[in-house]
Structure formats: C-alpha cells, structure tokens
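Fold and contact review
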Amino acid sequence: MTNHFGDVVANTKCMLIFGANSAVANPIGFKHMLQAKDRNNAKLIVIDPIFTRTAAKADIFVRIRPGTDIAFVYGMLNIIFENGWEDKELIAKRTYGVDLIKEEAKKYTPSEVADICGCSEAELIQVTRLFATTKPATLFWALGITQHSVGSSNTRILAILQLVLGNIGKPGAGTNIIRGHDNVQGATDMGCLADTLPAYYGLDDGAWKHFCRFWGVEFDYMKSRFAPPSDGKNWMNEKGFSLSRWWQGVKGVSPYGSDKTVSNANVRVLWVQGTGITSMAHTVKIQEALKKLDLLVIAEPFVNEVAILADRPDGIYILPASTQFETEGYVTATNRAMQWRNQVVKPIYESKEDQEIMFLFAKKFGFYKEYTRGMKMQLQDHKLVQVIPDDVDAVWPDDATREMSNGLLSIGLRGISANRLRKHQENWANFDPDTQRGIGGAVKGEYYGLPWPVWDEKHPGTAILWNANVPYEEGGMGFRNRFGLEHNGVSQLADNSFTPVGCKVKGGYPQITKDNIEKVFNIKLNDKEKELMGASWSTDISGIILEKCREKSACCLGNARARTIVWEFADQIPKHREPIHSPRWDLVQKYPTFDDQEKPNFRVTTMFKSEQLKKDWSKEFPIIISSMRLVNLSGAGMIERTSKYLSDITPEMFANVNPELAMQYNINDGEMMWIHSPQGTKIKVKCVHNHSVTPDRICLPYNFAGILQGVDLSANYPEGTRPYTIGESSNTVTNYGFDPNTQISEFNAGLCRIERA
Ligand SMILES: Nc1nc2c(c(=O)[nH]1)N[C@H]1C(S)=C(S)[C@@H](COP(=O)(O)OP(=O)(O)OC[C@H]3O[C@@H](n4cnc5c(=O)[nH]c(N)nc54)[C@H](O)[C@@H]3O)O[C@H]1N2
Ligand SMILES: Nc1nc2c(c(=O)[nH]1)N[C@H]1C(S)=C(S)[C@@H](COP(=O)(O)OP(=O)(O)OC[C@H]3O[C@@H](n4cnc5c(=O)[nH]c(N)nc54)[C@H](O)[C@@H]3O)O[C@H]1N2
Ligand SMILES: [Mo]
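About the cut-offs
Residues numbered from 1 in each chain as written. Chains lettered and ligands numbered in written order. Predicted model: local features only at pLDDT ≥ 70, side-chain atom pairs only at ≥ 80, totals over all residues. Heavy atoms only, no water. UniProt positions renumbered as here; feature names shortened; annotations may be inferred. Near = heavy atom within 4 Å. Polar contact = N/O pair within 3.5 Å; in protein donor to acceptor, adjacent residues only side chain to side chain. Areas by Shrake-Rupley, 256 points an atom, 1.4 Å probe, with all protein chains shown as cover. Nonpolar A, V, L, I, M, F, W, Y, C, P; charged D, E, K, R; others polar. Axes fitted to C-alpha atoms, helices over the stretch in contact; angles between N-to-C directions. Helix = DSSP H or I, 4+ residues; strand = E, 2+ residues; numbered from the N terminus. Parallel < 35°, antiparallel > 145°, perpendicular 65-115°, else oblique. Left-handed = near helix turned anticlockwise from the far one by under 90°. Contact = heavy atoms within 4.5 Å. Pairing = 2+ DSSP bridges. Domains from an automatic or database assignment. Phe/Tyr/Trp six-rings, centres within 6.5 Å; stacked < 30°, edge-to-face > 60°. Buried < 20%, exposed > 50% of the residue type's maximum accessible area, 1.4 Å probe, protein only. Salt bridge = Lys/Arg side-chain N within 4 Å of Asp/Glu carboxyl O. Buried area = accessible area lost by both parts, 1.4 Å probe.

The name recorded for the protein in an unreviewed UniProt entry is Formate dehydrogenase subunit alpha, from Campylobacter canadensis. One UniProt comment on the protein, placed under Cofactor (unreviewed entry), says "[4Fe-4S] cluster". Quoted verbatim from the Subcellular location (unreviewed entry) field of UniProt, the annotation for the protein is "Cell envelope".

Below, the structure written as structure tokens:
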C-alpha cells in the first residue's frame, strides 16, 4: 500500500476496488472504506466478475469477465485522455512513456471494452467519469488482479491509471494493494521467496556480497555452500523453484505438456513451515510428488494436510511449532508499518518457536555459527563489529531486529530497533488514527509502526509513499531513480523545474552512489568517508550516504520519472491477453496470450500459446471457474476446520452455481456434482444455487482438503487429528496457467465442465 487505511477514512473521496472482496477477506480494512463513505460521502466502485458482499455495499458495481481488467482500464484511460482529465503537469515533469499508453488506449473504445469485458459501454463511461473527476481518489486491489497469467501486467496498468490521474503521493489517493495473511508483507520483505535475498536485493554476486558483509561471513564460505557451477550456470545466482511449481522438480513427476525442468538437482526433501500446500494449484501433481520424495518435514502448530495427501508409510515428520502468541517480535502490516508483538505464553507442551527450530536445524547441519553471526554485529563509528562472541547466544528478538537495521537498507530499515517499535506498541493510544502520527510524549511526530522506509533513527517512517509535498524529515520523497539515467535518449530524472518540498538539491537527481554523491550534493568527502562508504545507498552499511542525505533533506532514491515501460518484460507496456483457457475463441485470435516461455524461469519452462491454441477449449469446457474466500475459513483451512463452531458454518465443500446453469445440467440445489478441468482432473462438491454468479461461471472456496477426486483420505490422518470438516480442494481443478514474471497460478480464470454426480 502506498497509503494507509486511516488516510482512506480521513481523506478519500472515491474508492475503486478491482478484484478484492474485502467485506469477507479484510473485514476490518473494509470497515475503514465504509467509514470513508460516512465521513466524506466517498463513493465506492467495485469491479468484479461476482456480485460479492463488497459489491453489495458499492455505489456502482460493474461485473466483468475474469481476466479482462487490462482492457477495462485501457478503456478508462481512453476516455480520460479524450476528455483531458489526465494530470498534465505530473505527466510532463515526472513520468516516462505515458505517450505509449495513450496510443495503446485508443484501441480500447467503449464498444471494444464492452465486447471483451462483457459490461456495457454506459457502465465503463459512468465509472470513468466518477473516478477521474473526483479527487483525491484511491485504488484498491487484491487477488482478482494478481492471480492471473497476466497478473503482473494487471498490477502495472492500475498503477499507470493512478499516475495518469495524478492520484499518487497524496493523502486520500494512492495504489493500495490489500495484503493477505497476517504479516504477508513482512514475509515478502524478509525474502520468503525463491528469487531474492531479503529486502528484494535479488541473487547476484553483489547482493550476496552485501549480505556476507553484514552477516560477518566470507563470500567464499557462502559460495562453498552451493553446488559448483554447471551447465553454464552459477547456481548461487539462479532462482529456486517457486511454491507453485516445486513438484516439477521432483524426479519422476510428469510435467504438463512440453514443460521442462532445468535444475542442477532434483527436489528430494520438502520442508514445510507455515504454508498449507493443499492451498496451492495442481493438487494431483503435488500428491504425485509427495509420494516420490525421500523425506517430508512439517514444522507446524497443526497437522498440516500435506501430511495426509499422500499415503506415505514412512518418511514424514511433524515438528510441533508454536504459534505467534508464544513468541516475540514484529510483523509488518499492509501499509508497511511494523507492529511489535509480545510473547503471551511460553511455548506450550513440547512445541518450539519457529526460529528455535531453525537454530536447531543449523546446529545439526553445522552452520549455526555463521547462521547467527549477523545478529551479533553492531555498528560502531560507521563500521560493523562483532559484539557478541560466537560461543554466546544472541538475544531474540532484539539482536535479530538490529541485524535487519544493519543490512536491509533497500527498503529503508536503518531506523528500526526493538526498543523503538516497543515504544510504539506501549503508546498505542497516543497516535492519531487519521494520520497515524504520534500526538505527543515519546512518540511525538513519528508514524505508528514506522512504516518503511524509515531512513534513520530520527526519521518518523513514511506514511504515504512518493509524497513530495512533505519534507524528507517527515517522510517525503520524489519518485525513485531505479532504472538508469536514460532510456532511448530520454532522461529518466524528473524535470529540473520539479523539486520535492524542502530538498536542497534542485530539480531531478539520480539515486545516490559513492561515485555521484560529491557532484549531486556539491560536497567533498574526506578520506575516511571515502574508505568506509559502500558503493550505493542500498549497500552503504556505514550509513554515511544516509547522513549526507539528511543534511541535504534529499531522499537517497533520487528524484526521477515513474516509468510506464518495463523494457525487461515480454510486454513492455501492459496488453490485454486472453486467459490461457478462454471462453472466447474469437478473442483468442485477436488477443493471444504470451509466446511460450522457453527460457526457464524459477527452473521451469512455461507454456502459453502452445496450450492456449491447442484447441477451442470452451467447446468441451464451457464454464468459467474462479475462486472466493469464506469469512469463517482461511488459507488451506486446517486451523478453522479443527474448530467445531467455525466448521459448522460451512460443513461441506461447495460451488456457487447460478440456478439457470445448474438446471441445464439437471442439478438441484444441494445435490452433488462433478467439476472437470482441462487437465483431466475432477472434484465432487455440493452444488449451491446462488445468484451472485451469472450462468456462464461458477465460483468455489479454496479452503478445503481431505478428499481428492472423490476419494476420502480420512484414514491418513494421525489418530484424533481429522478436522471436523474435510472436502475437495478446489485447487485440484485449478487450470494450468502461470504469470511469466512471478509464477503465480491462474487461480481466478479457467474453464470447466460440470455434471450431476
Ligand atoms: N484456488 C485458490 N488457491 C489459493 C488462493 C486462492 O485465492 N484461490 N489464494 C492463495 C493465497 S493468496 C495464499 S496466501 C495461500 C494461502 O494458503 P496457505 O499459505 O496454505 O495459508 P494457511 O492455511 O494460512 O497456511 C498456513 C499454515 O501455517 C500454519 N501456521 C500458523 N501459524 C504458524 C506459526 O506461527 N508457525 C508455523 N510454522 N506455522 C504456522 C497453519 O497451521 C497452516 O497450516 O493460498 C493460495 N491459494
Ligand atoms: N476469511 C478469510 N480472510 C482472508 C483469507 C481467507 O482465506 N479467509 N485469506 C487472506 C489472504 S492470504 C489474502 S491474499 C486475502 C485476499 O483478499 P481478496 O483478494 O479480497 O479475496 P478473494 O476472495 O480472493 O477476492 C478476490 C476477488 O476478485 C474477484 N476476481 C476474480 N477474478 C477477477 C478478475 O479477473 N478481475 C476482477 N476485477 N476481479 C476478479 C473475485 O470474484 C473475488 O471477489 O484475503 C485474506 N483474508
Ligand atoms: Mo494471500
């Protein structure tokens, strides 16, 4: 989120939600949106293929076909440019590539959009007029946008819409993706990903060297932990398998179609800690892989249903992990704010805290010393020194928090500390809910939870990203200069007539490096500073660059242009592309998906066109299938399905089906039906007649497991651990399809065939 929920309540005049059902998935967040309606008479617009509980509260609801948001937004942009509603000054001075967007948008006339999206021209015009002419206006989105083969293009076009309207870096505006799980922002920041070290540093040697420096280990030691280079690849710099495709790395598991696995080794052990696995797509492949593994380890407070999916006689270990209430530390909320949590009780029974399990693992495998040394380092006189000896344990979580502050500069964590975050927690009552600012005492002027970036220990955190109307010292900044100084001969820096408030460097300037700092800041570094300073702001552990930035009231990120063109991606600007399994064969010809991804990404190749063009899938699979959440169940659902009362609300797995569609297949309300996928898999679920879906689509919750393709797996649960309700996982029939950049599965647009069971 660029902004925060308090800001929505206080300042927003119009809210546009694409593909989020916050009334169910984020009820507390949604309460803020309802408050904005009450307090500011803010208008709520919802764009969703399903009439959700969120849509029920909207001033305008527009139903579109899943996977067509890019066409809809280009349709909006076309109308915006035709009427001159764009922010001309911002576009001229602080963006790059908007002309290409304007050109592309011309193709999306209201009638073209109506045809692609299945809405009316009047609906598109009404939404655009309201959203473009009401200021400030904010944009929310969640999984209806990201979980698609065009997920990354989807998110880009929404950011571009806000840029064009000038709804960025301002109170009441912004691009606000509502994050999912508790601490999902924190988990991402900490690099629980297969393609980067923590804080988005990536995996190249420069990133590893930076980490080795603040972890207090030699780069050569780190290198020795990895398999030697082979097949022209240095595996240390290669992405691992993603959570959505790990099964393709297991020997003997057949991939889909022509998909290939390109790795130096097979996956032989699966270690599961904090994810449900049955919540991932392609359950049948997962089951196949689980059978072939050497070993499956689950570190969990519950019996994760991955344990029962495969009928393994041996080689499964469940380690009891304690819950968040039995540990201490911080989590990061959807608005980048860090919330400190106390240990409520010591770990009960024989369970251990997650980090303790990892420490014991490291001890057993002989790298505990190197693993924990980062926590023992402290900055003294601009240099990191080991202050706790190797044979003395660090203090959890204080020393771990310092480790992050030492090294995770790319997201601006230098200003955090355990004590600073504890102080915020102890002073909850002393923050203004609208601005999130401390009103007095020990927290005066600081933003609650120090939303990152929090550049140094005096910095208050950044309540609203890219806000150039407040000084650096209060969380202000221009747009980041991340992608070079020039592209196609055009400067990527902001126009010289634009200077963020209070900044002593006038006009556009680049991100700050050791090489350019003297010139950009018009200063002379002394020899000691030169010796200690890292190559750029994001690797300068000494902190000298950040000190100089404070003196100049200038953000280290630079003052640049926001780009609409991503020259590294297959689609340099977002393009509408039909879902891989599309119900519109005619549109597949006009808007085909990407070329097959032959170059492995996350160690696998991915089919696009070859799968899409194989045949007109809609002949055999005429119905669209998409996902939903239930308020009483979360994720893979194991936690709640072990509660008698929460189970009782949805005692069975089901699908919402429009009665008209159900009756075509002779399926009465409450009868069982089969759902078949293009991959040849099937699930047996209860048919619930429901008018939230139109007759061309059905919608399923994804929070069940324990039954697979009609087979009850109850016997596989260890005694006394079977939840009150089990059911088919909708992910058994989730269609083939992955985003080319992120590998996220196509959970929200696929096709199926139904029949009475
Ligand atoms: N079809 C379909 N599939 C989807 C989605 C969809 O919309 N449709 N959504 C996707 C999304 S966005 C997500 S985030 C995933 C969510 O799916 P999962 O990641 O599977 O989510 P949870 O079920 O919450 O899994 C968390 C597991 O961690 C355990 N756990 C809880 N607390 C702790 C702890 O402190 N320590 C440890 N070690 N374990 C703990 C829980 O018992 C649980 O088994 O599902 C994805 N799958
Ligand atoms: N009770 C409960 N709360 C949860 C969770 C849970 O499992 N249970 N999970 C948590 C997690 S991990 C997450 S990530 C969040 C997710 O939060 P949300 O994303 O708000 O949850 P979903 O129900 O998946 O909502 C996605 C919406 O997108 C719509 N949609 C599908 N395809 C498209 C499309 O192509 N375009 C548009 N415009 N809309 C589309 C769907 O119909 C649906 O209404 O929820 C979190 N909160
Ligand atoms: Mo999520």
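After that view of the structure, there is still more to cover.
Points about the site of ligand 1
Near ligand 1 lie 30 residues; those nearest to it are Gly276, Ser279, Glu300, Asp354 and Ala636. Residue threonine 275 places a side-chain N or O atom 2.9 Å away from an oxygen atom belonging to ligand 1. Side-chain polar atom of arginine 629 to an oxygen atom of ligand 1: 2.9 Å apart, as the coordinates give it. Protein contact buries 85% of the 910 Å² of open area that ligand 1 shows by itself. When its residues are assigned to classes, the shell around ligand 1 shows 10 nonpolar, 17 polar and three charged.

Let's talk about the packing of helix H4 (residues 69–83) against helix H7 (residues 110–117)
Put simply, H4 and H7 touch, their axes get as near as 9 Å, and they point 165° apart. When the axis of H4 is compared with that of H7, the two are roughly antiparallel. For the pair H4 and H7, the sense of crossing is left-handed. Seen from H4, the contacting residues are Ala71, Phe72, Gly75 and Asn78; seen from H7, they are Pro110, Val113, Ile116 and Cys117. Looking at the contact of H4 with H7 residue by residue, the class counts come to six nonpolar, two polar and no charged.

What about the sheet that holds strand S27 (residues 750–756)?
Taken in spatial order, the six strands close into a barrel running S19-S23-S20-S22-S21-S27, and their pairing is mixed. If you compare each strand with its neighbour and ignore which way they point, the axes differ by 45° on average. Bridge count between strand S19 (residues 623–628) and S27: three bridges; the pairing is antiparallel. Directly across from isoleucine 623, in S27, lies its bridge partner cysteine 752.

A few points about the environment of alanine 394
Note on placement: alanine 394 falls in the loop between strand S13 (383–386) and helix H18 (398–407). When residues no more than four places from it in sequence are discounted, the contact partners of alanine 394 are Met375, Lys376, Ile388 and Asp399.

Topic: the site of ligand 2
Close contacts around ligand 2 come from 29 residues, with Ala25, Asp48, Gly67, Asp69 and Leu633 the closest. Within the side chain of histidine 148, an N or O atom sits 2.9 Å from an oxygen atom of ligand 2. Arginine 629 has a polar side-chain atom sitting 2.8 Å from a nitrogen atom of ligand 2. Surface burial for ligand 2 is 93%, taken as the share of its 920 Å² of free accessible area covered by protein chains. The set of elements that each furnish at least two residues to the shell around ligand 2 consists of helix H2 (22–25) and helix H9 (143–146). For the shell around ligand 2, the class distribution of residues is 14 nonpolar, 12 polar and three charged. Domain assignment of the residues forming the shell around ligand 2 places at least three in each of domain 1 (5–180) and domain 2 (617–756).

What to know about the packing of aromatic side chains
Going through the model one piece at a time under the given rule, you end up with 25 aromatic pairs. Each ring, one from tyrosine 108 and one from tyrosine 591, has its centre 6.2 Å from the other, and the planes form 25°; the classification is stacked. Of this pair, tyrosine 108 sits in the loop between helix H6 (98–105) and H7 while tyrosine 591 sits in the loop between helix H23 (585–590) and strand S17 (597–601); the two residues are 483 residues apart in sequence, bridging distant segments of the chain. The class of tyrosine 108 is buried, set by a relative accessible area of 2%. Under the relative-accessibility criterion, tyrosine 591 is labelled buried at 10%.

Quick look at the UniProt feature "domain: Molybdopterin oxidoreductase" (unreviewed entry) in the protein
If you check UniProt for "domain: Molybdopterin oxidoreductase" (unreviewed entry), the listed places come out as residues 9–363 in our numbering. Along residues 9–363 the backbone is 39% helical and 13% strand, and the end-to-end C-alpha distance reaches 49 Å.

A few points about the pattern of salt bridges
Overall, the coordinates contain 33 salt bridges when judged by the stated rule. The salt bridge involving aspartate 59 is made with lysine 37; its shortest N-O contact spans 3.9 Å. Linking aspartate 59 in the loop between strand S2 (43–47) and strand S3 (60–62) with lysine 37 in helix H3 (residues 27–40), this pair joins segments that are 22 residues apart in sequence. Its relative accessible area of 21% is what places lysine 37 among the partly exposed residues. Here arginine 550 makes a salt bridge to aspartate 456, at a shortest N to O gap of 2.8 Å. With arginine 550 in helix H22 (residues 544–552) and aspartate 456 in the loop between helix H19 (418–426) and strand S14 (486–487), this pair connects stretches of sequence that are 94 residues apart. Aspartate 456 shares its class with arginine 550; the two are buried.

Topic: the environment of asparagine 656
Looking at the element boundaries, asparagine 656 is found in strand S20 (residues 654–657). Sequence separation between asparagine 656 and glycine 29 is 627 residues, and the spatial gap between their C-alpha atoms is 25 Å. Asparagine 656 has contacts with Met628, Val688, Asn690, Ser692, Val693, Ile698 and Cys699, leaving out every residue within four places of it along the chain.

Here's the deal with the UniProt feature "domain: Molybdopterin dinucleotide-binding" (unreviewed entry) in the protein
The sites that UniProt annotates as "domain: Molybdopterin dinucleotide-binding" (unreviewed entry) are residues 632–749. Taken end to end, residues 632–749 has its terminal C-alpha atoms 24 Å apart, with 14% of it in helix and 25% in strand.

Structural notes on the domain arrangement of the protein
What the domain assignment lists for the protein is domain 1 (5–180) and domain 2 (617–756). One C-alpha centre belongs to domain 1, the other to domain 2, and the line joining them spans 29 Å. Taken together, the 19 residues of domain 1 in the interface contact 21 residues of domain 2. Approximately 1,600 Å² of surface area, both sides summed, lies buried where domain 1 meets domain 2, with 56% of it carried by carbon and sulfur atoms. When the area that domain 1 buries against domain 2 is broken down by residue, the three leading residues are Ile50, Gln147 and Ser149, summing to 33%. Run the count over domain 1 and domain 2 and you get zero salt bridges. If you look at where domain 1 meets domain 2, you find 11 residue pairs in polar contact (both at pLDDT 80 or more). Looking at the side of domain 1 that touches domain 2, the elements with two or more residues in it are H2, H9 and helix H10 (151–165). Ranked by residues supplied to the side of domain 1 that touches domain 2, first place goes to H9 with three residues. Grouping the constituent residues of the side of domain 1 that touches domain 2 by class yields 10 nonpolar, seven polar and two charged.

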